[in-house]
Amino acid sequence: MYKTDLPIDTREEAAILARKNREVQRQSRIFDARTRQIGVDVEALERQKEEKRLRQQAENERNSAYDADMLKTAQICTLLDDRQKNDLRQHNEQLNKFRLEQQTAASRREFDLYDPESKKKDQPARVSDDDPRLSSSGLQAFQGEDLSAKDRKKLQQEQMREWIKQQMQEKSREKEAEMYADRLHQKRMIDIDLRSAQLANEEEECRKNLNVAAKHFNEALANERKAREQLEKQQELDDNFTELSNAVFGDTLTENPGVAASSFGGHRVIPDRWKGMSDDQKEAILKIRDEQRQEKERKLEEERTLHKETERIQLLQAHTAILMERERD
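Now for a look at the structure at hand. These numbers were taken from a predicted model, which means no experiment stands behind them.

Observations concerning the overall build of the protein chain
For step 1, the next point in the chain: Summing up its helical and strand segments, the protein chain has five helices and zero strands in all.
For step 2, the next point in the chain: Going from N to C terminus, the protein chain has its helices and strands arranged as α-α-α-α-α.
For step 3, the next point in the chain: Taken over 329 residues, the protein chain has a buried fraction of 12%.
For step 4, the next point in the chain: In the protein chain, of all internal contacts separated by at least 6 residues, the share reaching a separation of at least 24 is 67%.
For step 5, the next point in the chain: Surface accessibility of the protein chain: about 27,300 Å² in total, with carbon and sulfur atoms responsible for 54%.

Rendered as structure tokens:
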């Protein structure tokens, strides 16, 4: 359901490959006895500090944008939830009021079955001449009598008027109830449309903020790439100048007496010219070994830091995708 398997950024892979290539070139220069220099590369350290600072700044800006979007979305959800609860409460109050005022027990058709006043409303022993309840032994009806003809007609007319009145009232109540239900439905649809429009606007604003954050991040990457290219160009110029200086002031042209080193390797010497290893040479060997150990530790630490940063960015991207997926749902 959630998109947690996001691909790794190709720009990051290219940056890692470029760093590996530069490391291979640097090792080739260090282990070459003709062009090797002893000492700390201050410019490389400064460049690494600047790269770290730019990455941290871009990460902080992106985290701030994500936090602001999350807070705003939470506030909107809380507001919509409160509004929905208020609408439901008002609807229930109106429904209960309608039931108390319009849907009373006396207005039901089957009310005569459980009417507590049914005995008081019951018919007398004789209602009319053709009352089927009259029996021969009841002494209630005699041949030729029509005592209730006038009352019967009057009662029939009143009953007809009452029935018509009840039908009209019932139709009026049904019409009012239908109109009230229509108004509630229209109000509900309007609220849904307004909420949908508001959510669409919030989603568009969130997308704009994400685009702005991505734009700032890309600009930071572009600036970092330009600075790195300038540093590489300056490093190449320095290397060329160093190579020329080594060629001009080397042992061959200056006729340095320390030419006892053999051409078969830095660890070999010419026996007829070598007069023993000096203390400076011994100290230089120990110093080079210590620097190589420190350089190896630094590279391992950089690889671990880069791996952690990559995992953190992937988790953050996955979390952002999950949030956007939930908003769509």
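Remarks on the pattern of salt bridges
For step 1, the next point in the chain: One pass over the structure, following the stated rule, counts 18 salt bridges.
For step 2, the next point in the chain: The shortest N-O distance in the salt bridge between Glu-117 and Lys-120 comes to 3.3 Å.
For step 3, the next point in the chain: For Glu-117, a relative accessible area of 34% corresponds to the partly exposed category.
For step 4, the next point in the chain: Through salt bridges that share partners, Glu-59, Arg-62, Glu-309 and Arg-312 make up one connected network.

Some remarks on empty space enclosed by the protein
For step 1, the next point in the chain: Following the criterion strictly, the structure yields one cavity of 30 Å³ or more and no others.
For step 2, the next point in the chain: In this model, the largest cavity occupies a volume close to 70 Å³.
For step 3, the next point in the chain: Lining the largest cavity are Glu-203, Cys-206, Arg-207, Leu-210, Met-324, Glu-327 and Arg-328.
For step 4, the next point in the chain: Going through the elements one at a time, α3 (149-248) and α5 (279-328) are the ones with two or more residues in the lining of the largest cavity.
For step 5, the next point in the chain: Looking at which element gives the most residues to the lining of the largest cavity, the answer is α3, with four residues.
For step 6, the next point in the chain: Grouping the constituent residues of the lining of the largest cavity by class yields three nonpolar, no polar and four charged.

Focus: the environment of Ala-177
For step 1, the next point in the chain: Tracing the sequence through the fold places Ala-177 in helix α3.
For step 2, the next point in the chain: Ala-177 sits in the partly exposed class, given a relative accessible area of 27%.
For step 3, the next point in the chain: For the pair Ala-177 and Gln-102, spaced 75 residues apart in sequence, the C-alpha separation works out to 9.4 Å.

A closer look at helix α2 (residues 42-102)
For step 1, the next point in the chain: For α2, spanning 61 residues, the distance from its first C-alpha to its last is 90 Å, which sits close to the expected 90 Å at 1.5 Å a residue.
For step 2, the next point in the chain: Buried residues of α2: Ala-44, Glu-51, Leu-54, Ala-58, Glu-59, Arg-62, Tyr-66, Asp-69, Ile-76, Leu-80 and Asp-87, and no others.

Details of the packing of α2 against α5
Two quantities define a packed helix pair, namely the angle between the axes and the distance from one axis to the other.
For step 1, the next point in the chain: Closest axis-to-axis distance for the α2/α5 pair is 13 Å, and the angle between their directions is 20°. With respect to α5, the axis of α2 lies roughly parallel. For α2 against α5, the interelement crossing comes out left-handed. Residues Gln-48, Glu-59, Arg-62, Asn-63, Tyr-66, Met-70 and Thr-73 of α2 touch α5, and the partners they reach there are Arg-298, Glu-302, Glu-309, Arg-312, Ile-313, Leu-316, His-319, Thr-320, Leu-323 and Glu-327.
For step 2, the next point in the chain: Taken together, the residues of the contact of α2 with α5 break down into five nonpolar, five polar and seven charged.

Regarding the side chain of Glu-59
For step 1, the next point in the chain: Secondary-structure assignment places Glu-59 in helix α2.
For step 2, the next point in the chain: In this structure the side chain of Glu-59 is engaged in a polar contact, spanning 2.5 Å, whose partner is the side chain of Arg-312.
For step 3, the next point in the chain: If near-sequence neighbours (up to four positions away) are discounted, Glu-59 is found in contact with Glu-309, Arg-312, Ile-313 and Leu-316.

Topic: a nonpolar patch on the surface
For step 1, the next point in the chain: A contiguous nonpolar patch, built from Met-160, Trp-163, Ile-164 and Met-168 and spanning about 430 Å² of accessible area, is present on the exposed surface.
For step 2, the next point in the chain: For Ile-164, the position within the fold is in helix α3.

Things to note about the side chain of Arg-228
For step 1, the next point in the chain: One can find Arg-228 in helix α3.
For step 2, the next point in the chain: Among buried charged residues, Arg-228 stands out as having no salt bridge; its nearest opposite-charge side chain is Glu-224, 4.0 Å away.
For step 3, the next point in the chain: Setting aside anything within four residues of it in sequence, one finds Arg-228 in contact with Arg-22 and Glu-51.

What counts, and where the lines are drawn
One numbering rule holds for all chains: residues counted from 1, following each sequence as written. At least 70 in pLDDT is required for a residue's local features to be given in this predicted model, at least 80 for side-chain atom pairs to be given and counted, and no such filter applies to totals for whole chains, interfaces and linings, which use all residues. To get the side-chain values, take all heavy atoms of the structure and skip hydrogens and water. Secondary structure elements are defined from DSSP: runs of H or I of at least 4 residues count as helices, runs of E of at least 2 residues count as strands, and each element is numbered from the N terminus. The buried label applies to any residue whose accessible area, calculated with a 1.4 Å probe on protein chains only, is under 20% of its type's maximum; exposed applies above 50%, and partly exposed to all values in between. Any two residues having at least one pair of non-hydrogen atoms within 4.5 Å are treated as being in contact. Where accessible areas are quoted, they stem from the Shrake-Rupley method and a 1.4 Å probe; at the residue level, only the protein chains shown are allowed to cover. Think of a salt bridge as a Lys or Arg side-chain nitrogen and an Asp or Glu carboxyl oxygen that are within 4 Å of each other. Here a cavity denotes a set of grid points, spaced 1 Å apart and computed over the protein atoms alone, in which a 1.4 Å probe fits but from which it cannot get out, and a pocket denotes an open set meeting protein on both sides within 12 Å along at least five of seven lines; residues with an atom within 4 Å of a point are reported as lining. Grid points are joined across faces, edges and corners, and a volume is the space filled by probe spheres set on the points. All amino acids are sorted into three groups, where Ala, Val, Leu, Ile, Met, Phe, Trp, Tyr, Cys and Pro are nonpolar, Asp, Glu, Lys and Arg are charged, and the leftover types, Gly among them, are polar. Working rule for helices: expected span equals 1.5 Å times residues minus one. All axes are obtained by fitting lines to C-alpha atoms, using only the stretch in contact for helices, and the reported angles, taken between N-to-C directions, cover 0 to 180 degrees. If an angle is under 35 degrees, it is roughly parallel; if it is over 145, roughly antiparallel; if it lies from 65 to 115, roughly perpendicular; otherwise it is oblique. By definition, any crossing whose near helix is turned counterclockwise from its far helix by less than a right angle is left-handed, and any crossing with a clockwise turn is right-handed. In protein, a polar contact means a hydrogen-donor-capable atom and an acceptor-capable atom, both N or O and within 3.5 Å, with residues adjacent in sequence counting only if both atoms are side-chain atoms; elsewhere, any N or O pair within 3.5 Å suffices. Two distance rules govern patches: like charges are joined within 9 Å, and nonpolar side chains (Val, Leu, Ile, Met, Phe, Trp, Tyr) within 5 Å, applied only to residues with over 30% relative accessible area and no salt bridge. Residues scored as charged are limited to Lys and Arg (positive) and Asp and Glu (negative), so that His and the chain ends carry no count.

Purely geometric numbers; function is a separate question.
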